Amino acid sequence: MRTKWIGLVVAALVLFNASSASAWCWWNCNTAKTQYPIVLAHGMAGFDELFGVYEYWFGIPGALEDKGATVFVTSVSQFNTSQERGEQLIDQIETITAITGKSKVNLIGHSHGGLDVRYVAAVRPDLVASVTSVGSPHKGADLADFLRDNVEGGSFGEAVLSAFAETLGTVLGLISGSDNPQDAVAALDQLSTPGAAAFAASYPQGVPASSCGEGAAVVGGIRYYSWSGTGVLTNALDIGDFALGLTSLFYSESNDGLVGRCSSHLGDVIRDNYFQNHLDEVNQVFGLVSIFTSNPKTLFKNHANRLKNAGL
Ligand code: CA
């Protein structure tokens with residue numbers, strides 16, 4: 001008799017636990033379940049995965065998928081213009097829409113990837129539900145200006161820079177399993193102040209008219225968002241902080257080590273001063289970020305929820 005009672009209590013507990021878990025999940029597990037797939041577009045020298053394991057968006061796709069999102073990670077030329085990289089993205093987005101049966105995607109670009117996704121939205125608006133940039137130099141990057149003025153000046157400097165970047169790009173491409181064409185000088189030119197202005201003249205959607213304002217939140221039915229950081233030294237264990245500490249010295253405004261606060265503005269500016277540096281924005285390196293502020297994975301999950309609530 002006693003054994004029977006214990007069995008009944010255990011069964012009741014299991015049932016209660018299962019139902020409360022599914023109730024919890026109904027409330028919490030689909031917070032990032034957007035209508036359209038989320039497509040991540042990497043920055044300069046970026047990739048999808050190295051050796052098939054090391055992610056550019058460190059832990060971010062998994063964090064989004066845990067909350068119900070459908071996520072695709074794209075890979076384009078490590079060093080090239082946003083027109084060239086954008087065309088490569090369009091090919092991949094057409095595959096994604098075919099696979100998922102969804103007509104559009106939510107694009108999220110980091111760094112140079114933020115310009116790539118602007119290009120895609122401008123030339124193929126039919127494929128795009130929203131555009132989000134994270135730490136992207138829409139008004140150019142002071143470091144690119146410096147390199148343009150001081151390294152590219154001579155043909156030797158330009159050749160060295162080009163050879164270095166394109167070799168790096170080719171190596172990254174090879175170990176990430178792609179062989180897209182590289183053009184480092186064109187990429188650098190595009191991220192300089194005049195290069196970014198020329199790009200914005202051709203593809204102005206979402207770019208603020210003033211030097212540090214917000215851009216249009218909706219253009220042609222496509223929503224535009226951005227966020228970025230202004231932390232530089234955020235985690236003493238991260239070797240990337242040292243390099244970003246040096247590159248940040250080239251900037252006159254607060255910055256994330258590579259992109260200035262105002263230059264990062266696109267569309268609806270969610271926030272432009274998270275305590276994150278340029279690598280922290282994609283949870284690098286190895287997830288080493290500040291422990292005193294919002295985790296980058298949380299920002300992506302919150303944003304997916306924002307897109308979901310906007311019906312995207
Ligand atoms: Ca970091």
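Quick notes on the rules
Residues numbered from 1 in each chain as written. Predicted model: local features only at pLDDT ≥ 70, side-chain atom pairs only at ≥ 80, totals over all residues. Heavy atoms only, no water. Helix = DSSP H or I, 4+ residues; strand = E, 2+ residues; numbered from the N terminus. Buried < 20%, exposed > 50% of the residue type's maximum accessible area, 1.4 Å probe, protein only. Contact = heavy atoms within 4.5 Å. Polar contact = N/O pair within 3.5 Å; in protein donor to acceptor, adjacent residues only side chain to side chain. Salt bridge = Lys/Arg side-chain N within 4 Å of Asp/Glu carboxyl O. Donors = N, O, S within 2.8 Å, 3.2 Å for Na, K, Ca; no water. Patch = residues over 30% accessible without salt bridge, like charges linked within 9 Å, V, L, I, M, F, W, Y side chains within 5 Å. Areas by Shrake-Rupley, 256 points an atom, 1.4 Å probe, with all protein chains shown as cover. Phe/Tyr/Trp six-rings, centres within 6.5 Å; stacked < 30°, edge-to-face > 60°. Pairing = 2+ DSSP bridges.

I'd like to hear about the environment of I96, residue by residue, with values.
With respect to the secondary-structure elements, I96 resides in helix α3 (residues 82–100). Residue classification places I96 among the buried positions, given a relative accessible area of 5%. Note: C-alpha distance between I96 and I38 (58 residues apart in sequence) is 10.0 Å. Those residues in contact with I96 that sit more than four places away from it in its chain are P37, V39, F72, T74 and V105.

Can you break down the side chain of T34 residue by residue, with the values?
For T34, the position within the fold is in the loop between α1 (2–28) and β1 (38–41). The exposure class of T34 is buried, given its relative accessible area of 10%. Within the local environment of T34, its side chain forms a polar contact with the backbone oxygen of Y36, the two atoms lying 2.6 Å apart. With residues near it in sequence (within four places) discarded, T34 still touches N106, A304, L307, K308 and L312.

Talk me through the pattern of salt bridges; I want residue IDs and the actual numbers.
Here the structure, examined in full by the defined rule, presents five salt bridges. Among the ionic pairs, D116 bridges to R85, the shortest N-O distance being 2.7 Å. Taken together, the positions of D116 in helix α4 (residues 112–123) and R85 in helix α3 put the pair 31 residues apart, joining distant regions of the chain. Pair check on accessibility: D116 and R85 agree, each one buried.

I'd like a rundown of the coordination of the calcium ion, residues and numbers included.
Donor atoms from the polypeptide that bind the calcium ion are D238 (OD), D280 (OD), Q284 (O) and L288 (O), placed at 2.2 to 2.4 Å. Going along the chain, you hit the donors of the calcium ion in the pattern D-x41-D-x3-Q-x3-L. The exposure class assigned to L288 is partly exposed, which follows from its relative accessible area of 23%.

Which residues make up a nonpolar patch on the surface, and what values do they have?
Side chains of F146, F242, L246, L249 and F250 sit close together on the surface and give an oily, nonpolar patch of about 540 Å² of accessible area. Among the secondary structure elements, F242 is positioned in helix α9 (residues 240–247).

Just give me the short version of unusual backbone geometry, but keep the residues and values in it.
A cis amide bond links Q284 to the next residue, V285, at an omega of -5 degrees. Structurally, the position occupied by V285 is in the loop between β9 (268–274) and α10 (296–309). In this model, A45 sits at a positive phi of 65 degrees, which is unusual for a non-glycine residue.

Outline the packing of aromatic side chains, supporting the account with residue identities and numerical values.
Following the criterion strictly, the structure yields 10 aromatic pairs and no others. Taking 5.0 Å as the distance between ring centres and 70 degrees as the angle between the ring planes, the aromatic pair formed by Y54 and F286 counts as edge-to-face. Remark: F286 occurs in the loop between β9 and α10 and Y54 occurs in strand β3 (residues 54–55); sequence separation between them is 232 residues. For F286, a relative accessible area of 57% gives the class exposed. On the basis of an interplanar angle of 50 degrees and a centroid distance of 4.6 Å, the ring pair of F146 and F250 is categorised as tilted.

I'd love a proper account of the environment of G257, names of residues and values included.
Topologically, G257 is positioned in the loop between α9 and β9. Look at G257 and you get buried, because its relative accessible area is 0%. Placed 22 residues apart in sequence, G257 and L279 show a C-alpha to C-alpha distance of 8.8 Å. Those residues in contact with G257, other than ones at most four positions away along the chain, are V232, L244, T247, S248 and Y251.

Any chance you could break down the side chain of T97 for me, citing the residues and the numbers?
Mapped onto the fold, T97 is located in helix α3. Exposure remark for T97: the relative accessible area of 14% places this residue in the buried category. Residues contacting T97, with those up to four places away along its chain left out, are K102, S103, K104, V105 and L127.

Explain the pairing of strand β5 (residues 105–110) residue by residue, including any values.
Most of β5 sits out of view: six of its six residues are buried. Burial of β5 is two-sided: the residues V105, L107 and G109 facing one way and the residues N106, I108 and H110 facing the other way are all buried. The pairing of β1 with β5 spans four bridges and is classified as parallel. Of the residues in β5, the one forming a bridge with L40 is I108. As paired strands, β5 and strand β6 (residues 128–134) are joined by six bridges and run parallel to one another. In the sheet register, H110 faces β6, and the bridge partner there is V134.

A description of helix α7 (residues 184–191) should follow, citing residues and the corresponding values.
Buried residues dominate α7, accounting for six of its eight residues. For α7, the full list of buried residues reads A184, V185, A187, L188, Q190 and L191.

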